[in-house]
Amino acid sequence: MATSTEVSEKAQSGAKRFIGGVVEGFYGRPWTMEQRTELFKREQKWGLNTYLYAPKDDYKHRMYWRDLYSPEEAEQLIALISAAQQHNIDFVYAISPGLDITFSNRKEVAALKRKLDQVRDFGCNSFSLLFDDIETEMCPADKQAFSSFAHAQVAITNEVFQHLGEPSTFLFCPTDYCAAFCTPTVTQSSYLHTVGDELLPGIDVLWTGPKVVSHKISVESIEEVSSILKRAPVIWDNIHANDYDPQRIFMGPYKDRPTELIPKLRGVLTNPNCEFYPNFVAIHTLATWCKASADGATKDVEMGDEEQDPCYSPHKALTLALTDWLEEFLSTDQLTACVKKDSSDEEPMQTDLGEHSYVPGPGENPLYTAEPLTLDDLKLLSDLFYLPYEYGPTAKSMLHELDWLKGHSHAAAVKSDQVTFHFDKLVPFDPPEIEARRPFACCQTAEWCSRARHFDDMCEAVVRMFNRLSNAPNRRILYDLYNYICDIKSGVNLAQAYVKSLGGLGKPSAQLMSDDPEPWGFRGGLSGEFQRMLPGHGNRDLYKHPHKTSVYCIRPYCTEDKMDVQRIFVKMQQERQIEDASMTEPPLISDILSTGEIPPSPQCALVLEDDIGPCGYMLALTDAKAAATSIQDTSGRVLEDFPSLITGQVLPRVTDPSPVKRMIGQLLSTMRSCGSRGVFCMLRHSDRRMLDFYTESSSFQPIKMGGLPPDVIAMGTSL
Ligand code: GDL
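All of these numbers come straight from a predicted model, not from anything done at the bench. (Residues numbered from 1 in each chain as written. Predicted model: local features only at pLDDT ≥ 70, side-chain atom pairs only at ≥ 80, totals over all residues. Heavy atoms only, no water.)

Caption draft 1: Spotlight on the overall build of the chain. Secondary structure assignment for the chain yields 25 helices and 15 strands. Taking all 719 residues of the chain together, the buried fraction comes to 50%. A separation of at least 24 residues holds for 75% of the contacts in the chain among residues at least 6 apart in sequence. When the accessible surface of the chain is split by element, carbon and sulfur atoms take 54% of a total near 34,300 Å². (Helix = DSSP H or I, 4+ residues; strand = E, 2+ residues; numbered from the N terminus. Buried < 20%, exposed > 50% of the residue type's maximum accessible area, 1.4 Å probe, protein only. Contact = heavy atoms within 4.5 Å. Areas by Shrake-Rupley, 256 points an atom, 1.4 Å probe, with all protein chains shown as cover.)

See the structure below:
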């Protein structure tokens, strides 16, 4: 492991060393002095060099920023600063006066100086002024004194910086600390221009990237902001912060920040999870990242991924971190001392009790022996609680499989007594003895059963991981993780029971079905209730596709549906005309199916219903010749290759693409079994959604067809 000197030498672009470390900058319970001291040890061991003290909910850091520290508090801070020095960590003391400071009042400036002087007397040499998360409107007195909010902040920051003798580390956090906060843009932000032009050059600026919690930070974005700030920023990285969501914690690797950034930055400080111990991965992988450079020793990444960083592999950094973390999980030393000393009500695991250790006699219960935690368990843990915008590979695969099992279960998506199914492949994936192991063989296909078993195995692995974690000797890490792993275990259990019920494996447990469930039957409390009532469960940006919350029914079309189908057809036509008023729509061959002029072929019409009523349809003609000659003159060859015709529409309220794709698949299957060689459809270019449904659900490709209006496209697929 490289030392902090090595890191700074590699990353150094000018005279100053690269700032690499941790900012305790989250909302909620601050870390304890003992945890911070532990942090300094780790930072030193892993080659990081800085700790920024900025706990949002520490009274004297923000709310009561003017108040001096009491003698007891002073004693603690002095010890902490000295511990940081012992471990070669630069202790940066931050203060957040922005909630209520009057910048133009000299007494306020004096109060700020007095407070920082006190901390300087504790032995601290590095400081920071933070103006994040505050009201941007100035009070009347300040409006009179300063031409803008940025001018007020910069004036006080420069004055304090000089008052403290221009410390070599002095950080300023702007109110517009990410691109998303800049009005109108980074390059046109007058706030940032003022900071860039007026802030003294010895002061560094904190920046969280494109957003508060930035998914990716690109080199271009940093070049852009640096040119306005007239200095390279220090990234305050919220990638592992979890103070905004009590159900999430992040244990994936530091990621999506190319190492090319290192020479363009003044430093990176990670503002991680509120829970101290689960930050092992966040900090360890950041340290690995900081050590990477163009000629670095970590230049050893796997090939094949287009987004490869030649100097840093998140996957390898994660494995390194988890391997070290496993050791800590398995260590009892700090724990037993700590638990025995601090708490009488928390029973540590039975360890070595020396002479008094109990040995069961013959016929007595054997002692409980815990299975040891494995590296795979930690990999799974990290996968389940990965990063804010990404789940780890196993979690992704579980979601994908559950989605597939839901979508391909005819018990769930289609009323199986009304629609006939045709499956191409009925190949069992597992040998018969494994097939018979768990009775998923039910109303589903062999592929469904095989995938359901695989899903069940993945769920079981989560439960085993939970059990081994709960038995791991290091209780401090476990207690920090406990709520999260309990929560995921319950979530996984629910999904597991649901898949079993889809597979026809009996009803869910009586507890789940009870009219008077236990409180864990309605998890999430009031906040959970609100979330469930919102469209998409209130989640906006985690998934590319909208959430699938509606229950849809796909059923055969009957003559009573004619009016509804016409209504949906006309409504969608009107929607397109609203978007493009100049558009006139000559009828297409397929329109006569929608308007009811020609009835669909038997078994070739489906209606989609949600809880409001009919919301979509798919209709088909196995032999389209009659319809084709009645309206447009298609070349004979098209109808030879694609004798059948399909059409359909769905209302905009259907945000989930899967029922539409399923209807298309169902009709294609029916036409195939009727002996058709191919199917074509005709669409207007403006009908993007249907175009996507056809191309995504089956291999529909554009085909040449004579006599089509310019805004119309014909597509076909062979069966
Ligand atoms: C923020 C806060 C930070 C908080 C984080 C994540 C900065 C500069 N400030 O905006 O205290 O922990 O979001 O919620 O990031």
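Additional details are given in the paragraphs that follow.
Caption draft 2: Layout of the site of the ligand. The full set close to the ligand counts 14 residues, and Gly25, Asp132, Tyr177, Asn238 and Asp243 are the nearest of them. Between the ligand and the protein, one listed contact pairs an oxygen atom with a side-chain N or O atom of Trp236 at 3.1 Å. For the shell around the ligand, the per-class residue count stands at six nonpolar, four polar and four charged. (Near = heavy atom within 4 Å. Polar contact = N/O pair within 3.5 Å; in protein donor to acceptor, adjacent residues only side chain to side chain. Nonpolar A, V, L, I, M, F, W, Y, C, P; charged D, E, K, R; others polar.)

Caption draft 3: The arrangement of helix H7 (residues 190-198) in detail. Along H7, the residues classified as buried are Tyr191, Leu192, Thr194, Val195 and Gly196. In the core, the buried residues of H7 are packed alongside helix H6 (149-163), strand S5 (170-173), strand S6 (204-207) and helix H8 (219-229).

Caption draft 4: Region of the structure containing the sheet that holds strand S15 (residues 712-718). Taken in spatial order, the seven strands line up as S9-S10-S11-S12-S13-S15-S14 in an open sheet, and their pairing is mixed. The sheet terminates laterally at strand S9 (553-556) and strand S14 (701-702), the two strands that pair on one side only. Strand contacts of helix H24 (residues 658-673): S9, strand S10 (605-609), strand S11 (614-621), strand S12 (644-650), strand S13 (678-684) and S15, with the helix running at about 20 degrees to S11, the strand carrying the most contacts. Sitting on the sheet, helix H25 (residues 688-697) touches S11, S12, S13 and S15, and the angle it makes with S12 is about 130 degrees. (Pairing = 2+ DSSP bridges. Axes fitted to C-alpha atoms, helices over the stretch in contact; angles between N-to-C directions.)

Caption draft 5: Expanded view of empty space enclosed by the protein. What the rule picks out here adds up to five cavities of 30 Å³ or more. One number sums up the size of the largest cavity: a volume of about 120 Å³. As for the largest cavity, its lining consists of 15 residues, and the residues nearest its centre are Asp591, Thr647, Gln649, Met682 and Asp687. When residues of the lining of the largest cavity are traced back to their parent elements, those giving at least two are helix H20 (562-579), helix H21 (591-594), S12 and S13. Among the residues forming the lining of the largest cavity, the class breakdown is six nonpolar, five polar and four charged. A volume near 50 Å³ is recorded for the second largest cavity. Ser214, His215, Ile239, Asp256, Arg257, Leu387, Pro388, Tyr389 and Glu390 are the residues that line the second largest cavity. Classifying every residue of the lining of the second largest cavity gives four nonpolar, two polar and three charged. The two domains that each donate at least three residues to the lining of the second largest cavity are domain 1 (18-294) and domain 2 (375-540). (1 Å grid on protein atoms, 1.4 Å probe; cavity = no way out; pocket = protein on both sides within 12 Å on 5 of 7 lines; lining within 4 Å. Points joined across faces, edges and corners; volume = space filled by probe spheres on them. Domains from an automatic or database assignment.)

Caption draft 6: Structural detail: the packing of helix H13 (residues 393-407) against helix H16 (residues 446-470). Relative orientation of the contacting elements H13 and H16 amounts to 145 degrees, with a least axis distance of 10 Å. Crossing angle aside, the handedness with which H13 passes H16 is left-handed. Residues Ser397, Met398, His400, Glu401, Leu402, Trp404 and Leu405 of H13 form the contact with H16, whose own contacting residues are Glu447, Trp448, Arg451, Ala452, Phe455, Met458, Cys459 and Val462. Taken together, the residues of the contact of H13 with H16 break down into ten nonpolar, two polar and three charged. (Left-handed = near helix turned anticlockwise from the far one by under 90°.)

Caption draft 7: A look at the pairing of S11. Burial of S11 is extensive: eight of the eight residues sit out of reach of the surface. Of the strand pairs in this sheet, S10 and S11 are connected by five bridges, and their pairing is antiparallel. Residue Leu608 lies in a different strand from S11, and its bridge partner there is Gly616. Between the end of S10 and the start of S11, which pair antiparallel, lie four residues, with Gly613 showing a positive phi angle near 150 degrees. Note: S11 against S12, six bridges, orientation antiparallel. If you follow Gly616 over to S12, its bridge partner there is Val650.

Caption draft 8: Examining the side chain of Asp309 more closely. As for its placement among the helices and strands, Asp309 is situated in the loop between helix H9 (280-291) and helix H10 (314-329). Polar contacts involving the side chain of Asp309 include one to the main-chain amide nitrogen of Cys311, which spans 2.9 Å.

Caption draft 9: Local environment of the confidence of the model for the chain. Summing up the model confidence of the chain, the mean pLDDT is 86 and the portion of residues at 70 or higher is 82%. In this model, residues 1-14 is a region of pLDDT below 50 whose contacts with residues beyond four sequence positions or in other chains number 24 contacts. Here residues 541-547 is modelled with pLDDT under 50, and outside its nearest four sequence neighbours on either side it reaches eleven contacts, counting other chains as well. (pLDDT = per-residue confidence, 0-100.)

Caption draft 10: Layout of the sheet that holds S5. Ordered in space as S1-S2-S3-S4-S5-S6-S7-S8, the eight strands form a closed barrel in which the pairing is parallel. Recorded for the sheet is a direction-independent mean angle of 25 degrees between the axes of neighbouring strands. Set on the sheet, H9 makes contact with strand S1 (19-24) and strand S8 (267-270); between it and S8 the angle comes to about 170 degrees.

Caption draft 11: Seen up close, the pattern of salt bridges. Following the criterion strictly, the structure yields 34 salt bridges and no others. One salt bridge in this structure joins Arg106 and Glu159, with 2.4 Å as the shortest N-O distance. One end of the pair, Arg106, is in helix H4 (residues 106-121); the other, Glu159, is in helix H6, and 53 residues separate them in sequence. Connected via shared salt-bridge partners are Glu38, Lys41, Arg42 and Glu328. (Salt bridge = Lys/Arg side-chain N within 4 Å of Asp/Glu carboxyl O.)

Caption draft 12: Highlighting the nonpolar core. Ranked by internal contacts, the top residues of the largest apolar core, which has 123 residues, are Phe91, Tyr93, Trp289, Trp325 and Leu381. Counting contributing residues, this core receives three or more from each of domain 1 (18-294) and domain 2 (375-540). Judged by nonpolar contacts, the second largest core, of 53 residues, contains Ala605, Ile703, Met705 and Met715. (Core = buried A, V, L, I, M, F, W, Y, C linked by side-chain atoms within 4.5 Å.)

Caption draft 13: Main features of the environment of Ile568. Of note, Ile568 is situated in helix H20. The spacing of Ile568 and Thr595 is 27 residues in sequence and 9.9 Å in space, taken between C-alpha atoms. Sequence-distant contacts of Ile568, defined by excluding residues within four places in its chain, comprise Pro614, Cys615, Gly616, Tyr617, Gln649 and Leu651.

Caption draft 14: Layout of the packing of aromatic side chains. In total, this model carries 22 aromatic pairs according to the counting rule given. Taking the centre distance of 6.0 Å and the plane angle of 25 degrees together, the rings of Tyr53 and Phe91 count as stacked. Of this pair, Tyr53 sits in strand S2 (residues 50-53) while Phe91 sits in strand S3 (residues 90-95), and the two are 38 residues apart along the sequence. Neither residue differs from the other here; Tyr53 and Phe91 are each classed as buried. Connected via pairs of aromatic rings, a cluster forms that spans Phe40, Tyr51, Tyr53, Tyr69, Phe91, Tyr93 and Phe122. When the ring centre of Tyr27 is taken as reference, the NZ or CZ atom of Lys56 above it lies at 5.5 Å. A cation sits over an aromatic face here: Arg451 above Trp404, 3.8 Å from the ring centre. (Phe/Tyr/Trp six-rings, centres within 6.5 Å; stacked < 30°, edge-to-face > 60°. Lys NZ or Arg CZ within 6 Å of the ring centre and 35° of its normal.)

Caption draft 15: Structural detail: the packing of H13 against helix H17 (residues 475-502). Interhelical geometry of H13 versus H17 gives an angle of 30 degrees and a closest axis separation of 11 Å. In terms of their interaxial angle, H13 and H17 are classed as roughly parallel. For the pair H13 and H17, the crossing hand works out as left-handed. Listed contacts from H17 to Met398, Leu402, Leu405 and Lys406 of H13 are Val492, Ala495, Tyr498, Val499 and Leu502. (Parallel < 35°, antiparallel > 145°, perpendicular 65-115°, else oblique.)

Caption draft 16: Layout of a nonpolar patch on the surface. Side chains of Tyr59, Met63, Tyr64 and Leu99 sit close together on the surface and give an oily, nonpolar patch of about 420 Å² of accessible area. In this structure, Met63 sits in the loop between S2 and helix H3 (71-86). Given the relative accessible area of 45%, Met63 is considered partly exposed. (Patch = residues over 30% accessible without salt bridge, like charges linked within 9 Å, V, L, I, M, F, W, Y side chains within 5 Å.)

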